[in-house]
Amino acid sequence: QLRLVESGGGLVQAGGSLRLSCAASGRTFSSYAMGWFRQAPGKVREFVASISWNGGNTYYADSVKGRFTISRDNSKNAMSLTMKSLKPEDTAVYYCADSRYTAVTDRVTDFGSWGKGTQVTVSS
């Protein structure tokens, strides 16, 4: 079992930046890949980014490629998502998640442990 807690969400104007953090506890953090997902009101949960167990490989949704950066620091049991050039369509609850596998993936069902989420709101 892995406990995940997100932080860093908030209200930001379009074009601005935010950095989300995910703190983990409960088991060895570095064992598996991690990911970020988001869910807007009335929408299904969608993939944002994932990172391999050792941070050596990353994968991004086309909608955020070039604007968002995922990273992890296994020594601190932490993962982050740096978001730049934010758009109103980025507004959603963002969740960090722990994968069942070591390699990057974009499937919701590949992730077993989830945080409670942090709200990101981008205004015009």
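So, a few notes on the structure that sits alongside this text. (Residues numbered from 1 in each chain as written. Predicted model: local features only at pLDDT ≥ 70, side-chain atom pairs only at ≥ 80, totals over all residues. Heavy atoms only, no water.)

1. A word on unusual backbone geometry
1) Next: At Asn77, a position not held by glycine, the phi torsion is positive, near 50°.
2) Next: Relative to the assigned elements, Asn77 resides in the loop between strand S7 (68-73) and strand S8 (78-83).
3) Next: A positive phi angle, close to 50°, is found at Ser85, a residue other than glycine.
4) Next: In this structure, Ser85 sits in the loop between S8 and strand S9 (92-99). (Helix = DSSP H or I, 4+ residues; strand = E, 2+ residues; numbered from the N terminus.)

2. With respect to the state of the cysteines
1) Next: Under the definition given, this model contains 1 disulfide.
2) Next: In this model Cys22 forms its disulfide with Cys96; the gap between the sulfur atoms is 2.2 Å. On the sign convention where negative is left-handed, the bridge of Cys22 and Cys96, at about 60° about the S-S bond, is right-handed. Remark: Cys96 occurs in strand S9 and Cys22 occurs in strand S3 (residues 18-25); sequence separation between them is 74 residues.
3) Next: You can call Cys22 buried: its relative accessible area is 1%. (Disulfide = S-S within 2.5 Å. Buried < 20%, exposed > 50% of the residue type's maximum accessible area, 1.4 Å probe, protein only.)

3. Comments concerning the nonpolar core
For soluble globular proteins, the rule of thumb is that nonpolar side chains tend to be buried together.
1) Next: Of all hydrophobic cores here, the largest spans 31 residues; its most connected members are Trp36, Met79, Leu81, Met83 and Tyr94.
2) Next: Contact partners of Met79, with chain neighbours within four places excluded, come to Leu20, Ser21, Cys22, Phe29, Met34, Gly35, Trp36, Ile51, Ile70, Ser71, Arg72 and Cys96. (Core = buried A, V, L, I, M, F, W, Y, C linked by side-chain atoms within 4.5 Å. Contact = heavy atoms within 4.5 Å.)

4. Structural notes on the sheet that holds S3
1) Next: Judged by pairing direction, the sheet is antiparallel, and its 4 strands sit side by side in the order S1-S3-S8-S7 without closing on themselves. Two strands lie at the open edges of the sheet, namely strand S1 (3-7) and S7, each paired on one side alone. The sheet shows a mean angle of 15° between the axes of neighbouring strands, direction not considered.
2) Next: Here S7 pairs with S8 via 6 bridges, running antiparallel. Bridge pairing links Asp73 to Ala78 in S8. (Pairing = 2+ DSSP bridges. Axes fitted to C-alpha atoms, helices over the stretch in contact; angles between N-to-C directions.)

5. Considering the pattern of salt bridges
1) Next: One pass over the structure, following the stated rule, counts 4 salt bridges.
2) Next: Two residues, Arg38 and Asp90, come together in a salt bridge whose shortest N-O distance is 2.9 Å. Of this pair, Arg38 sits in strand S4 (residues 34-39) while Asp90 sits in the loop between S8 and S9; the two residues are 52 residues apart in sequence, bridging distant segments of the chain. Residue Arg38 shares its accessibility class with Asp90, and that shared class is buried.
3) Next: Salt bridges here are not isolated pairs; linked through shared partners, they connect Arg38, Glu46, Arg67 and Asp90. (Salt bridge = Lys/Arg side-chain N within 4 Å of Asp/Glu carboxyl O.)

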